[in-house]
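# Overview (structure and organization)
Residue strings, one per chain:
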Amino acid sequence: MSVAGDKYKAERGGIGETLKIVVQALLLALIVRTLLFQPFNIPSGSMKSTLLVGDYLFVSKYAYGYSKYSLPFAPDLFEGRIWATPPTRGDVAVFKLPRDPSVDYIKRVIGLPGDKIQMIDGVLQINGVAVPKEKIDDYVTTDEFGAETHVARYKETLPNGVSYTVLDLDPHSFSDDTPVYEVPPDHYFMMGDNRDNSTDSRVLGAVGYVPFENFVGRAEIIFFSVKEGERPWQFWMWPWTVRFDRLFKII
């Protein structure tokens, strides 16, 4: 009877230790996700060719400080940001859509508070000065039928020296010529790198100016990537579906 009792206590003790470890691991994961890094995946092509559908990346939550949107379910515990550090022009950032904070968007920071932003004939203008735009090699991809397509690609260099590439699907699209947007205080103007295929701050009724409070974090590194349409959990297909050249790519 004593041996059986000891065995029962040992089994209960083992289960208790396992549950304790699981709870501790979940709490640690929650702390990391809330305060340090949060994973995101790219669902659309609005940031091509910087980010592709099927990319999985880490976003640093601490880069801009913390708002209620840094917390799971965005509880209304406080307003504004704590330990705030303003975004830098050229950052690729995740933010909550102003008209629907349940939706995450990822775009590039183009306009800072007080800036005047405009597109003229496909050229970005910041405070009345054209941003240098240099034609480079085409972006080569395949369409839904497997045919190879070429898209014009350019290198833009912002006033602070940050450079990146943008795509120009249509040299005469409606988004190539816009009115002047004056960025309000404590707001930012966000644009996708795939300029003719991005719903961003140029569309005031859909995205518009993004409050600083809505920023979730800065995109840092691609930790995994699979071809568009492939399922990342199908590990037996990874030799053919993983884009190995994109792994651990700094954004």
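Predicted model only: the values in this text are computed from it and were never measured.

Before going further, it helps to spend a moment on the overall build of the protein. A count of helical and extended segments in the protein gives two helices and 16 strands. Buried positions account for 41% of the 251 residues belonging to the protein. As displayed, the protein has an accessible area near 13900 Å², and 61% of this comes from carbon and sulfur atoms.

Its volume calculated, the largest pocket comes out at about 540 Å³. Going through the elements one at a time, strand 9 (139–142) and strand 10 (148–157) are the ones with two or more residues in the lining of the largest pocket. The class makeup of the residues in the lining of the largest pocket is seven nonpolar, seven polar and eight charged. If you add up the space inside the second largest pocket, you get close to 270 Å³.

Moving on to empty space enclosed by the protein. For the coordinates displayed, the defined rule picks out one cavity of 30 Å³ or more. In this structure, the largest cavity encloses a volume near 40 Å³. Taken together, Met 119, Gly 122, Lys 133, Leu 167, Asp 168, Asp 176 and Arg 195 form the lining of the largest cavity. Considering only residue class, the lining of the largest cavity consists of two nonpolar, one polar and four charged.

Among the nonpolar cores identified, the biggest contains 15 residues, and Ile 110, Ile 117, Leu 124, Ile 126 and Leu 158 are the most heavily contacted of them. Counting residues per element, the ones that place at least two in this core are strand 5 (116–120), strand 6 (123–126), strand 10, strand 11 (163–168) and strand 13 (187–191). Ignoring any residue separated from it by four or fewer positions in sequence, one finds Leu 124 in contact with Ile 110, Ile 117, Gln 118, Met 119, Val 129, Ala 130, Val 131, Glu 156, Leu 158, Tyr 164, Met 191 and Arg 195.

The next subject is the sheet that holds strand 6. Across a sheet, strands are paired by hydrogen bonds formed along the backbone, either parallel or antiparallel in direction. The strand order 7-6-5-12 describes an open sheet built from four strands, whose pairing is antiparallel. Two strands close off the open sheet at either side, each with one partner strand: strand 7 (129–130) and strand 12 (181–182). Where strand 5 and strand 6 come together, four bridges link them in antiparallel fashion. Following the sheet pairing, Met 119 is matched in strand 6 by Leu 124.

For the rest of this paragraph, the subject is the pattern of salt bridges. Here the structure, examined in full by the defined rule, presents 10 salt bridges. Salt-bridge contacts for Arg 243 lead to Asp 55; the nearest nitrogen and oxygen are separated by 3.4 Å. Taken together, the positions of Arg 243 in the loop between helix 2 (238–241) and strand 16 (249–250) and Asp 55 in strand 2 (residues 55–60) put the pair 188 residues apart, joining distant regions of the chain. With relative accessibility at 0%, the residue Asp 55 sits in the buried group. Among the ionic pairs, Arg 246 bridges to Asp 55, the shortest N-O distance being 2.7 Å. Linking Arg 246 in the loop between helix 2 and strand 16 with Asp 55 in strand 2, this pair joins segments that are 191 residues apart in sequence. When salt bridges that share partners are traced, they join Asp 55, Arg 243 and Arg 246 into one network.

Let us now look at the environment of Pro 98. Of note, Pro 98 is situated in the loop between strand 3 (92–97) and strand 4 (100–111). Residue classification places Pro 98 among the partly exposed residues on the basis of a relative accessible area of 29%. Look past the residues within four positions of Pro 98 in its chain and what remains in contact with it is Val 207, Tyr 209, Val 210, Pro 211 and Asn 214.

The next point concerns the pairing of strand 4. Where strand 3 meets strand 4, six bridges bridge the pair, whose relative direction is antiparallel. Bridging across to strand 4, Phe 95 finds its partner in Tyr 105. The turn joining strand 3 and strand 4, which pair antiparallel and follow one another in sequence, is formed by two residues. Bridge count for strand 4 against strand 13 is three bridges, and the pairing is antiparallel. In the sheet register, Val 109 faces strand 13, and the bridge partner there is Met 190.

Here is what the cut-offs are and how they apply
Residues numbered from 1 in each chain as written. Predicted model: local features only at pLDDT ≥ 70, side-chain atom pairs only at ≥ 80, totals over all residues. Heavy atoms only, no water. Helix = DSSP H or I, 4+ residues; strand = E, 2+ residues; numbered from the N terminus. Buried < 20%, exposed > 50% of the residue type's maximum accessible area, 1.4 Å probe, protein only. Areas by Shrake-Rupley, 256 points an atom, 1.4 Å probe, with all protein chains shown as cover. 1 Å grid on protein atoms, 1.4 Å probe; cavity = no way out; pocket = protein on both sides within 12 Å on 5 of 7 lines; lining within 4 Å. Points joined across faces, edges and corners; volume = space filled by probe spheres on them. Nonpolar A, V, L, I, M, F, W, Y, C, P; charged D, E, K, R; others polar. Core = buried A, V, L, I, M, F, W, Y, C linked by side-chain atoms within 4.5 Å. Contact = heavy atoms within 4.5 Å. Pairing = 2+ DSSP bridges. Salt bridge = Lys/Arg side-chain N within 4 Å of Asp/Glu carboxyl O.

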